[in-house]
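The chain contents come next:
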Amino acid sequence: MTQTSVPQERKLVTAIPGPRSEELLARRNAAVAQGVSIGLPVFVTAAGGGIVVDVDGNQLIDLGSGIAVVNVGNANPAVAAAVAAQAAAFTHTCFMVTPYEGYVAVCEALNRLTPGDFEKRSALFNSGAEAVENAVKIARAYTKRQAVVVFDHGYHGRTNLTMALTAKNMPYKHSFGPFAPEVYRLPMSYPYRDEDAGLDASGPAAAARALSVLDKQVGAQNVAALIIEPIQGEGGFIEPAPGFLAAIAEYCTANGIVFVADEIQTGFGRTGDLFASEHEGIVPDLVTTAKGIAGGMPLAAVTGRAEIMDAAHAGGLGGTYGGNPVACAAALAAIEEIESRDLAGRARQIGEIMLPALHGLAKRHSFVGNVRGRGAMLAVELVEPGTSAPAAQLAGAVNKACHQRGLVTLSCGTYGNVLRFLPPLVIGEELLKEALDLIADAFDEVAKSLPAAEAAPSPRPDTD
Ligand SMILES: Cc1ncc(COP(=O)(O)O)c(C=O)c1O
């Protein structure tokens, strides 16, 4: 499965971080703005398949994919070759000045691959946030309405408009206001917490709660776009209950609201379908993509119904770098890898391997409240032992214990209490199983630090 010259083996030769990384961290502290923070301060020299190599010679197992970006593997040889060839030919003209075929070919691929068999158009940008901003511009131009509706726990980026669309204050919004107006937030379907709150956690009931807020506080006739992540990313890998997305999409269609699926984290095979909307047969009007689209090169897109996409006037969309030719070459190679190697199928296999082991953690430790996710987008939500109160400190401790064992892991969640796992879809099975054993060790270590009555783990289940 893995095509890389990086040895597919975990190896720890120093503490994490090692001395060379510590030196670079000191330089970083003196030179880089503190607002740009670091989750795991090992400085990288190479990466490929399921391994990240650091400056001290440590080889860590990658369970983050650079936040769901290198689905096809880091420095994927096909992507690297396409990038090199394009960089040697030309690196930039600006598509809006003198165009090139790669941009058109990426748009054709997106139009073919995203859900819906109607006529589509795409436009390319640099980052996920920029794609979301443009989806809003397009929806407003099409509907001639202003309001934008989003959800609790949603994350859509760090620009001014996307900060407004994002739910979580710290660290994304705090002290950065004022934010863009005409943004309204609805309650999300969050089955674990809905049940805990004694609500009807079914998808239709959660949708009815959300749509009632929209009706009462905004008015459907004022809404240009409703934007939702089919599985929420930064908010905690929250998978809405079955039927929730369908009810929301149906309401949008009935009320002339542009339904935008933000597939920036979930797209390109990550959840076991090419796009997570497909799982329940949802057909969005517009889809925003980025991250996994180009194997690590910066590229993003808005794709959707031709009549909506074409509503913005000529010159109204674009930017100097959007759809850069090198990024487009990378995207075409990455998309070819995803399709020809059935990496969505591989994501499903990763889920089949990982989920039983993660459920085993929940049986063993009373501080695991919920295990969830699909394909290779999986999460464990940590709580104060035996309760449902979010336990951010425990999540931080487990995350750190994973790092010490040579795993690149990430946390997330509105309450900061979710560990998320996003391995590259090309990771080898042995490496994945080794990672699961190490995760189990990390949980055991943290359990030992708890008061005895709370810690007592049940026997460790067989993770194979
Ligand atoms: C669902 C979603 N939307 C938007 C974004 C913003 O993308 P970017 O960081 O490329 O601006 C992200 C990034 O994590 C995301 O997960």
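What counts, and at which threshold
- Residues numbered from 1 in each chain as written.
- Predicted model: local features only at pLDDT ≥ 70, side-chain atom pairs only at ≥ 80, totals over all residues.
- Heavy atoms only, no water.
- Helix = DSSP H or I, 4+ residues; strand = E, 2+ residues; numbered from the N terminus.
- Rg over C-alpha atoms; globule rule 2.2 N^0.38 Å.
- Buried < 20%, exposed > 50% of the residue type's maximum accessible area, 1.4 Å probe, protein only.
- Contact = heavy atoms within 4.5 Å.
- Pairing = 2+ DSSP bridges.
- Axes fitted to C-alpha atoms, helices over the stretch in contact; angles between N-to-C directions.
- Phe/Tyr/Trp six-rings, centres within 6.5 Å; stacked < 30°, edge-to-face > 60°.
- Lys NZ or Arg CZ within 6 Å of the ring centre and 35° of its normal.
- Near = heavy atom within 4 Å.
- Polar contact = N/O pair within 3.5 Å; in protein donor to acceptor, adjacent residues only side chain to side chain.
- Areas by Shrake-Rupley, 256 points an atom, 1.4 Å probe, with all protein chains shown as cover.
- Nonpolar A, V, L, I, M, F, W, Y, C, P; charged D, E, K, R; others polar.
- 1 Å grid on protein atoms, 1.4 Å probe; cavity = no way out; pocket = protein on both sides within 12 Å on 5 of 7 lines; lining within 4 Å.
- Points joined across faces, edges and corners; volume = space filled by probe spheres on them.
- Expected span 1.5 Å × (residues − 1).

J.: Which residues make up the overall build of the chain, and what are the values?
T.: Tallying secondary structure elements over the chain gives 15 helices and 15 strands in all. Its C-alpha atoms give the chain a radius of gyration of 22 Å, near enough to 23 Å, the size a compact globule of 464 residues would have. Structurally, the chain occupies a C-alpha span of about 60 × 60 × 45 Å along its principal axes. In the chain, which comprises 464 residues, the share counted as buried stands at 56%. By sequence separation, contacts in the chain at least 24 residues apart represent 74% of the contacts at least 6 residues apart.

J.: Give me the lowdown on unusual backbone geometry, citing residues and values where you can.
T.: The linkage connecting Ile16 with the following residue, Pro17, adopts the cis geometry, with an omega of -5°. Relative to the elements of secondary structure, Pro17 occurs in the segment before helix 1 (19-31). Note that the residue after Met170, namely Pro171, is joined by a cis bond; omega there is 10°. With respect to the element layout, Pro171 can be found in the loop between helix 6 (160-165) and strand 6 (183-186). Notably, Ser65 is not glycine yet its phi reads approximately 50°, a positive angle. Tracing the backbone shows Ser65 in helix 2 (residues 65-68). A positive phi angle is found at Ile67, which is not glycine, with a value near 60°. Along the chain, Ile67 falls in helix 2. Owing to a relative accessible area of 32%, Ile67 belongs among the partly exposed residues under this scheme.

J.: How would you explain the pairing of strand 4 (residues 120-125) if you had to name every residue and give the values?
T.: Regular strands place their side chains on alternate faces of the sheet. Most of strand 4 is tucked away, with 5 of its 6 residues classed as buried. Relative to strand 10 (residues 300-305), strand 4 runs antiparallel, the two being bridged by 6 bridges. What sits directly across from Ala123, in strand 10, is Val302.

J.: Go over the sheet that holds strand 12 (residues 377-382), please, and point to the residues and values.
T.: Two modes of strand pairing occur in sheets, parallel and antiparallel, and in both the strands are linked by backbone hydrogen bonds. With antiparallel pairing, the 4 strands of this open sheet are ordered in space as 11-12-15-14. Among the strands making up the open sheet, the edge pair consists of strand 11 (368-374) and strand 14 (410-412). With direction set aside, neighbouring strand axes in the sheet form an average angle of 25°. Summarising the sheet, strand 12 and strand 15 (residues 418-421) pair through 4 bridges and their orientation is antiparallel. Paired with Leu378 across the bridge in strand 15 is Phe421.

J.: Just give me the short version of the packing of aromatic side chains, but keep the residues and values in it.
T.: When we look at a pair of aromatic rings, we describe it by the centre distance and by the angle of the planes. Per the stated rule, a full pass over the model turns up 7 aromatic pairs. Judged by centre distance (5.6 Å) and plane angle (65°), the rings of Phe90 and Tyr100 are edge-to-face. Here Phe90, found in the loop between helix 3 (77-89) and helix 4 (101-113), pairs with Tyr100, found in the loop between helix 3 and helix 4; they are 10 residues apart in sequence, far enough to count as distant. The class for Tyr100 is buried, based on a relative accessible area of 10%. Summarising the aromatic geometry, the rings of Phe95 and Tyr100 are spaced 5.5 Å apart at their centres and angled 80° between planes, so their arrangement reads as edge-to-face. Residue Phe95 is classed as partly exposed on the basis of its relative accessible area, which comes to 23%. Cation over ring: Lys120 sits above Phe118, and NZ or CZ is 5.6 Å from the ring centre.

J.: Outline the site of the ligand, supporting the account with residue identities and numerical values.
T.: In the neighbourhood of the ligand, the contacting residues comprise Ser127, Gly128, Ala129, Tyr155, His156, Gly157, Glu229, Glu234, Asp262, Ile264, Gln265 and Lys291. Within the backbone of Gly128, a nitrogen or oxygen atom sits 2.7 Å from an oxygen atom of the ligand. One of the backbone nitrogen or oxygen atoms of Ala129 is found 2.8 Å away from an oxygen atom of the ligand. When the ligand sits alone it has 390 Å² of accessible area, and the protein chains cover 83% of it. Its residues placed into classes, the shell around the ligand shows 3 nonpolar, 5 polar and 4 charged.

J.: Tell me what's going on with the layout of surface pockets, and back it up with residues and numbers.
T.: What the second largest pocket holds in volume is close to 370 Å³. Around the second largest pocket, the lining comprises 20 residues; the ones closest to its centre are Tyr103, Ser122, Ala123, Leu317 and Gly318. At the level of secondary structure, the elements contributing two or more residues to the lining of the second largest pocket comprise helix 4 and strand 4. Looking at the lining of the second largest pocket, its residues break down into 11 nonpolar, 7 polar and 2 charged.

J.: Hey, could you go over helix 11 (residues 325-340) for me, with residue numbers and the actual values?
T.: Every α-helix winds through 3.6 residues per turn, so residues three or four apart in the chain are directed the same way. Its 16 residues place the ends of helix 11 22 Å apart at the C-alpha level, agreeing with the 22 Å of an ideal helix rising 1.5 Å per residue. Burial analysis of helix 11 places 12 of its 16 residues in the buried class, the great majority of the element. Residues of helix 11 that are buried include every one of Pro325, Val326, Ala327, Cys328, Ala329, Ala330, Ala331, Ala333, Ala334, Ile335, Glu337 and Ile338, and no others. The elements touched by buried residues of helix 11 are helix 3, helix 4, strand 4 and helix 12 (343-364). The opening residue of helix 11, the one whose side-chain oxygen lies 2.8 Å from the backbone nitrogen of Val326, is Asn324.

J.: Before we move on, could you go through the environment of Lys173 and cite the residues and values that matter?
T.: When you line up the elements, Lys173 lands in the loop between helix 6 and strand 6. Classification of Lys173 by relative accessible area gives buried; the value is 12%. The spacing of Lys173 and Asn160 is 13 residues in sequence and 9.0 Å in space, taken between C-alpha atoms. Ignoring sequence-local partners within four residues, the contact set of Lys173 consists of Met163, Ala164, Thr166, Ala167, Lys168, Phe179 and Arg185. Within the structure, the side chain of Lys173 is placed 3.3 Å from the backbone oxygen of Met163, a separation counted as a polar contact.

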